[in-house]
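# Fold and contact review
Each chain is listed here by its residues.
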Amino acid sequence: MKILVTVQDHNIAPRFDQTTEVLIATGEAGLLQGQVRTIILPHRSAEELSDLIVKEGIDCLVCGGIEDSFYRFFKWKKIRVYDSVIGAHAEALQLALTGRLRPGMVLPSARAGVDGGGYGRR
Amino acid sequence: MTRVRVLVVDAEAEFTGLVVERLHSWGYEAAAASDVDEALAVQASLQPEVAVISVQERPARALELMGLLQAADPALKVILLLGRGAAGAGVRGMEMGASDCLPLPLDLGVLIDSLRKVCGRSQSIASEEAEP
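About the cut-offs
Think of each chain on its own: its residues are numbered from 1, step by step along the sequence as written. All chains are assigned letters beginning with A, and all ligands numbers beginning with 1, in the order in which they are written. Predicted model: local features are reported for residues with pLDDT of at least 70 only, side-chain atom pairs are reported and counted for 80 or more only, and whole-chain, interface and lining totals are derived from all residues. Each helix is a run of DSSP H or I of at least 4 residues and each strand a run of E of at least 2, with the numbering of both proceeding from the N terminus. Using C-alpha atoms as the atom set, the radius of gyration is obtained and then compared with a globule rule of 2.2 Å times the number of residues to the power 0.38. A residue is called partly exposed when the number of other C-beta atoms within 10 Å of its own lies between 12 and 20, exposed at 12 or fewer, and buried at 20 or more, with C-beta atoms placed from the backbone. Placing a C-beta atom from the backbone of each residue, one calls two residues in contact when those atoms lie within 7 Å. Between the N-to-C directions of two axes lies an angle of 0 to 180 degrees, each axis being a line fitted to C-alpha atoms and, for a helix, fitted only over the stretch in contact. An angle below 35 degrees is treated as roughly parallel, one above 145 as roughly antiparallel, one from 65 to 115 as roughly perpendicular, and anything else as oblique. Helix crossings fall into two classes, left-handed where the near helix is turned counterclockwise from the far one by less than a right angle and right-handed where it is turned clockwise. Following the grouping adopted for this structure description, the nonpolar residues are Ala, Val, Leu, Ile, Met, Phe, Trp, Tyr, Cys and Pro, the charged ones are Asp, Glu, Lys and Arg, and the polar ones are all others, Gly among them. The directions considered for the arc run from the helix axis to the C-beta atoms. Remark: nonpolar core denotes a set of buried Ala, Val, Leu, Ile, Met, Phe, Trp, Tyr and Cys residues whose joining runs through C-beta atoms within 7 Å.

This part covers the overall build of chain A. Across its full length, chain A carries three helices and seven strands. Starting at the N terminus and walking to the C terminus, you meet the elements of chain A as β-β-β-β-β-α-β-α-β-α. The globule rule puts the C-alpha radius of gyration for 122 residues at 14 Å, and the 13 Å found for chain A is close to it. Seen through its C-alpha atoms, chain A measures out along the principal axes to roughly 35 × 30 × 25 Å. When burial is assessed residue by residue, chain A has 40% of its 122 residues classed as buried. Taking the contacts inside chain A whose residues are at least 6 apart along the sequence as the reference set, 52% of them involve residues at least 24 apart.

Two packed helices can be described by the angle between their axes and the distance between those axes. Residues and elements named next belong to chain B. Taken N-terminus to C-terminus, the directions of helix H2 (residues 36-46) and helix H3 (residues 59-72) make an angle of 20°; their axes are 10 Å apart at the nearest point. With respect to each other, H2 and H3 are oriented roughly parallel. Considering only the axes of H2 and H3, their crossing is right-handed. Contacts between H2 and H3 involve Val36, Ala39, Leu40 and Gln43 from the former and Leu65, Leu68, Leu69 and Ala72 from the latter. Each residue belonging to the contact of H2 with H3 can be placed in one class, and the counts come to seven nonpolar, one polar and no charged.

Next up on the list: helix H3 (residues 89-97) of chain A. Helical geometry: 3.6 residues make up each α-helical turn, so side chains three or four residues apart lie on a common side. Residues and elements named next belong to chain A. Buried residues of H3: His89, Ala92, Leu93, Ala96 and Leu97, and no others. The buried side chains of H3 occupy one side of the element, clustering within an arc of 135° when seen end-on. Where H3 is buried, its residues contact strand E1 (2-8), strand E2 (11-12), strand E3 (21-28), strand E4 (31-32), strand E6 (60-62) and strand E7 (80-82).

Moving on: helix H2 (residues 68-76) of chain A. Residues and elements named next belong to chain A. Of the positions making up H2, those classed as buried are Phe70, Tyr71 and Phe74. Along the long axis of H2, the arc covered by the buried residues comes to 105°, so they all point the same way. Seen from the buried face of H2, the exposed residues on the opposite side, beyond 90 degrees, are Asp68, Ser69, Lys75 and Trp76. Contacts from the buried residues of H2 go to helix H1 (46-55), E6 and E7. Two residues or fewer past H2, lysine 78 is found with a positive phi of approximately 65°.

Quick look at the interface of chain A and chain B now. It is common to give the size of an interface as the accessible area that goes away when the parts come together. On the side of chain B, 17 residues touch chain A, which itself brings 11 residues to the contact. A per-class count over the side of chain A that touches chain B returns five nonpolar, four polar and two charged.

It is worth spelling out the nonpolar core at this point. Ranked by size, the top nonpolar core spans 74 residues in total, and within it A:Val5, A:Leu61, A:Val62, B:Val6, B:Leu7, B:Val52 and B:Ile53 carry the most contacts. Beyond its immediate chain neighbours, meaning those up to four positions away, B:Ile53 contacts B:Val9, B:Ala62, B:Leu65, B:Met66, B:Val78, B:Leu80 and B:Leu81.

Given below as structure tokens:
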């Protein structure tokens with residue numbers, strides 16, 4: 001399974017369309033296969049990020065808030081989307097690899113005081 | 001051994017900031033510039049061994065900058081980052097002496113490999129244990 005996680009600092013990026021960095025990992029049953037790749041995007045662009053997701057053959061997307069049109073597009077492309085996830089990207093990746101991640105999860109690593117502004121599907 | 005010095009040039013400060021931050025974590029000494037004047041100023045102060053230049057909307061400007069940087073330091077190695085539709089500029093850049101061309105979005109691991117290759121070093125100093 002190939003997983004893409006949108007990143008901002010050490011957390012999941014709160015908005016898909018504002019993402020400038022992503023991690024791509026491949027793994028099964030909790031085990032990573034190979035290195036986690038870091039990709040830096042030249043622009044904040046949901047379209048360019050979507051292109052990357054399709055081009056890379058991603059099976060599973062982990063992100064914060066995402067526009068409904070993109071969400072539906074990925075569903076149509078048979079890409080599993082875990083949206084509205086809040087917390088550290090490393091923790092989210094681990095949970096995704098072990099099949100324990102769910103949309104809308106607030107991970108234990110989520111900082112106190114995160115109010116969720118900007119999260120959720122729009 | 002000294003750390004490899006890298007100049008990163010792109011009009012988007014957020015992009016160059018992220019790349020510079022990640023290069024720091026890999027043990028490189030890196031600085032960003034957003035235009036020609038700033039790039040020349042950073043070159044004078046940092047004296048980079050490698051310039052990473054983004055080629056996107058205005059490829060001619062990027063190649064012009066590459067020429068100016070190489071005129072100031074003929075030993076400077078150049079890595080071009082090619083945006084969509086910039087393949088032609090990449091070809092011209094290679095003819096002008098660019099050492100490598102990488103696609104955008106930028107895969108950080110690919111950039112690190114390219115820097116190692118371009119610098120002729122198996123590892124960046126301090127990067128050996130800085131990050132996997």
